[in-house]
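Structure assessment
Below, each chain spelled out in residue letters.
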Amino acid sequence: MRKPFLPFAFALALTVLAGCDSSEERAEKHYQSGLAYLELGDVDRALVEFRNVFQLNGSHKEARRSYAEVERARGDRREAFSQYLRLVEQYPDDIPALIALSEIATTSGDFERGEEYASKALVKAPDMPELLALKAASDYGLARNGNDVDAQIDAISRIRDLRKTLPDNLILRGMIIDDLIQAKNYQSALDELNSAIDLNPGDADLHAHRLSVLAAMSDAEGVEAALIEMIGRFPDQPEMSEALVRWYASRGETDKAEDFLRGRVAASDGSELAVFELVRFLSAERGPEAALVELDRTIAAGNSGPSIRAARAGYVFDAGRTDEAIAEMEEVLADAKTSEETQRIKVNLARMVTAVGNSVRARALVEEVLAEDPSNTEALKLKGAWLIDDDDVGDAISVLRQALDHDPRDAATMTLMAQAYERDGNRDLMREMLGLAAEASHRAPLESLRYARFLASEGKLVPAENALVEALRISPGNPELLVPLGQLYLQMQDWPRATQVARALEESDSGASVTAAATLRASIFAAQEKSDEAVTYLQGLVDEGKADLGAKVTILRTHIAEGRVDKALAYSSQLLADDPDNPDLRFVDASVRALAGETDAAESAYHALLAEDADRLPVWLALIRLVSAIPEREAEAVALIDEGLAAVPDSPDLKWAKAGYLENAGDIDGAIEIYEALYKENSGNPIVANNLASLLSNYRTDDQSLRRAEVIARRLRGSNVPPYQDTSGWIAYQQGNYSEALAELTPAAAVLTDDPGTQYHLAMTYLALGRKTDAMAQFKKVLDLVPADDSRAFVQSARDEFARLETEGVVLDN
């Protein structure tokens, strides 16, 4: 039977069909609208239109390309890379997109991906010079990072040949410049940089490299002139003037730095930004009181706007008058209308109230600001930091991406993004963000040090060295950079350059730098098995009055390391005889006596010190270690921990000790409670994170605890620290990711050979992978490490699994 004709249904069908037919047309209209906005210079609206295209047609090739090009042009290389990547996923033969991916990766120092995308494109266009250039550049970077001299020579030879065909290619120039710098051919490098800057005068990175070369040439006038030129060329980048001030300060030219900053204040007719730059400098170099005097002078001169008053309140807060400062900020806001200025003040007030523990008020202030302006970068950074602390990593990354969208070269946002990627266990993106932060800050000490430490933790010692050296060229003599550089050279066993660093530290007027130099020189002697020379050198400093207690302690450590406990004891006795009332020397002498086996004398000395001052945390820890080393005195050690916590209740070390004893006593819930409290206080501490995740994953079986353990332990993935590998691997096992578990647990078990728990984790992973013989051998290792009456659950499981495998006829290999 025929169904009746339904006009309404037919009309609806036509509407649906018309919608399907027109979606691509609507997408094209949005694309054309986006191009029109680009021609008008309205980038934000253009990007909105391109995103509308993707909602209607996710495969629109040219919209995707335009979006990626815009993001790249405005400095957001991360977003540009992701868009180009999406493009080549949809259109694998798109050579321009592959070129862009290779260029972004190579210029970001990710030479592996640079080589990957260049090679893919070369399959399609094997003779294209631009691709050959990218391949050679990435090969050079890989060879340099791997210290492969032959491959580096081959790559630079190809680069120089290709430069004849592509004389304006900045990537080729960059590699040639790097090679010249490595060869210490600084004049040629400078010539190349000047030529590259002529080609691309708006490239801030080229200007930064020129600074580095001028500094390496010890051309102080050239560095100063280049910095001043950069300030004029990049007026919207305050880090440029900060770099010049750092340069003056590193050379001891603080008056010149102050004159420069006061000149900026005068030239800007008292601009608040210029005033703040001056005040920050005065606070750092002359102390917070000098900053307050300057702000009071500014206010007296008639500039008493809300921002100036808020800045003054900030320094009052730093001086410890927290209630006064917060009250002043609240008063400023009470009389002010909503504006960008009041939003900045609210964010700063949020920071203050966070510091005094009022997180509810702080978060409310930030949400107020974001309700008024969703793009407020400082508010987004604060919110992102809180989300990281709360382990809401996905939301944190989303919030911080918004901040980077509005300020793509903000080093602080990049650093926070790196922390978020760390929490997420993504070390590749963490490394990239730390590198970008160092670059965006123009090699500022703190950002450079973070990047170098991360590279060193991965065993990338040469790139870590480069990061520190580049920063030192802009901040020469900075001990915060010199000390880790010296430690890096020790790790590389490069004694001559370690000695150069020690000499540079000795030239400082700072007592801390001289002590660091002494420690470094002693370490160099010790590493070369020249302990007597180390002691002679250090004692010479002591005799000349050039060394403090640190050098004397290093002498003691050197004697102890060489097994000369009698000499260490004689030396500490002499030190104490010369100054018998010095509590630090009394503690040192007691510690040496403990090592020498004179436990009664050491214990008496520790108790005497604590009777005089119960806040001495190192003494509590030393006493607890001494007592806990005697098995029959375990109850006393636990009581001492409680006494120590009563005296120093906020000590994380004592709380960790308490948690350790609770765990050993089988009170797992009590240990977890302590670690949860420590984690709440500082969720960024990887040791606390590891211990908490380990307890949750080993002793809890409910889904909520295991999910929490996985979230906490994400940051541990890919680490080279054996306890972290063990925790991460066991959690991967519990999630059924056995290959990942094996990759983590194998190196952990190879190092933690006396830890039955780690050996058990590897055994269970072998079992899950069907490697029964390996599992049986591993279970035997577990049982060999524990006493016959060990009743722990994992030990009983190991016994049961070993017996089951025997029953199945599995035989151990001989």
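The preceding data block contains the structure.
Residues numbered from 1 in each chain as written. Predicted model: local features only at pLDDT ≥ 70, side-chain atom pairs only at ≥ 80, totals over all residues. Heavy atoms only, no water.

The subject of this paragraph is the overall build of the protein chain. Summing up its helical and strand segments, the protein chain has 45 helices and zero strands in all. Taking 28 Å as the expected radius of gyration for a compact globule of 814 residues, we find that the protein chain reaches 31 Å, a close match to that expectation. Summarising its shape, the C-alpha atoms of the protein chain cover approximately 95 × 85 × 65 Å along the three principal directions. Evaluated residue by residue, the protein chain yields a buried proportion of 47% over its 814 residues. Accessible surface for the protein chain amounts to roughly 39,300 Å². Of this, 51% is attributable to carbon and sulfur atoms. If you average the places of the 86 positive and of the 139 negative side-chain charges in the protein chain, the two averages end up 4 Å apart. (Helix = DSSP H or I, 4+ residues; strand = E, 2+ residues; numbered from the N terminus. Rg over C-alpha atoms; globule rule 2.2 N^0.38 Å. Buried < 20%, exposed > 50% of the residue type's maximum accessible area, 1.4 Å probe, protein only. Areas by Shrake-Rupley, 256 points an atom, 1.4 Å probe, with all protein chains shown as cover. Lys, Arg positive; Asp, Glu negative; His and termini not counted. Charge placed at Lys NZ, Arg CZ, Asp CG, Glu CD.)

In this section: the nonpolar core. Core analysis: the largest hydrophobic core is formed by 150 residues, its most contacted members being Tyr84, Ile159 and Met433. The dominant element in this core, judged by the number of residues it contributes, is helix 5 (residues 95–107), at eight residues. Apart from residues no more than four positions distant in its own chain, Met433 is found in contact with Arg78, Leu404, Met414, Met417, Ala418 and Tyr421. In this structure, Tyr733, Leu742, Val786 and Phe794 belong to the second largest nonpolar core, which totals 24 residues. (Core = buried A, V, L, I, M, F, W, Y, C linked by side-chain atoms within 4.5 Å. Contact = heavy atoms within 4.5 Å.)

Using the criterion set out here, one finds ten aromatic pairs in the structure. Ring geometry for Trp730 versus Tyr733: centroids 4.6 Å apart, planes at 5 degrees, classification stacked. With Trp730 and Tyr733 both in helix 41 (residues 722–734) and three residues apart, this pair spans about one turn of that helix. Comparing Trp730 with Tyr733, the two get one shared label, buried. Of the aromatic side chains, those joined through ring pairs into one cluster are Trp730, Tyr733, Tyr738, Tyr760, Phe779 and Phe794. Across the ring face of Phe54, the terminal group of Arg64 is positioned such that the distance to the ring centre comes to 3.8 Å. (Phe/Tyr/Trp six-rings, centres within 6.5 Å; stacked < 30°, edge-to-face > 60°. Lys NZ or Arg CZ within 6 Å of the ring centre and 35° of its normal.)

This part is about the layout of surface pockets. A volume near 760 Å³ is recorded for the second largest pocket. Looking at the second largest pocket, it is lined by 29 residues, and the ones nearest its centre are Glu663, Ser694, Asn698, Tyr699 and His761. Elements that contribute at least two residues to the lining of the second largest pocket include exactly helix 37 (652–664), helix 39 (686–699), helix 41, helix 43 (756–768) and helix 45 (793–807). Here the lining of the second largest pocket is composed, by residue class, of eleven nonpolar, 13 polar and five charged. (1 Å grid on protein atoms, 1.4 Å probe; cavity = no way out; pocket = protein on both sides within 12 Å on 5 of 7 lines; lining within 4 Å. Points joined across faces, edges and corners; volume = space filled by probe spheres on them. Nonpolar A, V, L, I, M, F, W, Y, C, P; charged D, E, K, R; others polar.)

A few words on empty space enclosed by the protein. If you walk through the whole model with that rule in mind, you get one cavity of 30 Å³ or more. Of the pockets and cavities examined, the largest cavity occupies roughly 40 Å³. Contributing elements (two or more residues each) for the lining of the largest cavity: helix 11 (204–216) and helix 26 (461–474). Its residues placed into classes, the lining of the largest cavity shows four nonpolar, two polar and two charged.

On to the environment of Ala775, then. Tracing the chain through its elements places Ala775 in helix 44 (residues 772–785). Owing to a relative accessible area of 0%, Ala775 belongs among the buried residues under this scheme. Sequence-wise, Ala775 and Arg616 are 159 residues apart; in three dimensions their C-alpha atoms are separated by 48 Å. Excluding residues that lie within four positions of it along the chain, Ala775 makes contacts with Ala763, Tyr766, Leu767 and Leu805.

Here we take up helix 44. Its 14 residues give helix 44 an end-to-end C-alpha distance of 20 Å, which sits within 8% of 20 Å, the value for a rise of 1.5 Å per residue. All buried positions along helix 44 are accounted for by Ala775, Met776, Gln778, Phe779 and Val782. Viewed along the axis of helix 44, the buried residues span an arc of 165 degrees, placing them on a single side of the element. Of the surrounding secondary structure, the elements contacted by the buried residues of helix 44 are helix 43 and helix 45. (Expected span 1.5 Å × (residues − 1). Arc of directions from axis to C-beta.)

Right, let's talk about the side chain of Asp391 for a bit. Here Asp391 lies in the loop between helix 21 (377–389) and helix 22 (393–406). Take Asp391: its relative accessible area is 11%, and that puts it in the buried class. Not counting the four nearest positions on each side in its chain, Asp391 is found in contact with Arg423, Tyr679, Val711, Ile712 and Arg715.

Turning our eyes to something else, we now look at the side chain of Thr415. Here Thr415 shows up in helix 23 (residues 411–423). Under the relative-accessibility criterion, Thr415 is labelled buried at 7%. In this structure Thr415 touches Ala437, Glu447 and Arg450, once residues within four positions along its chain are discounted.

Turning next to the packing of helix 25 (residues 445–457) against helix 27 (residues 479–492). For the pair helix 25 and helix 27, the least separation of the axes is 10 Å and the interaxial angle reads 15 degrees. As far as their axial angle goes, helix 27 and helix 25 are roughly parallel. Handedness of the helix 25/helix 27 crossing: left-handed. Where helix 25 approaches helix 27, its residues Pro445, Leu449 and Ala456 are matched on the opposing element by Glu480, Leu481, Pro484 and Leu488. (Axes fitted to C-alpha atoms, helices over the stretch in contact; angles between N-to-C directions. Parallel < 35°, antiparallel > 145°, perpendicular 65-115°, else oblique. Left-handed = near helix turned anticlockwise from the far one by under 90°.)

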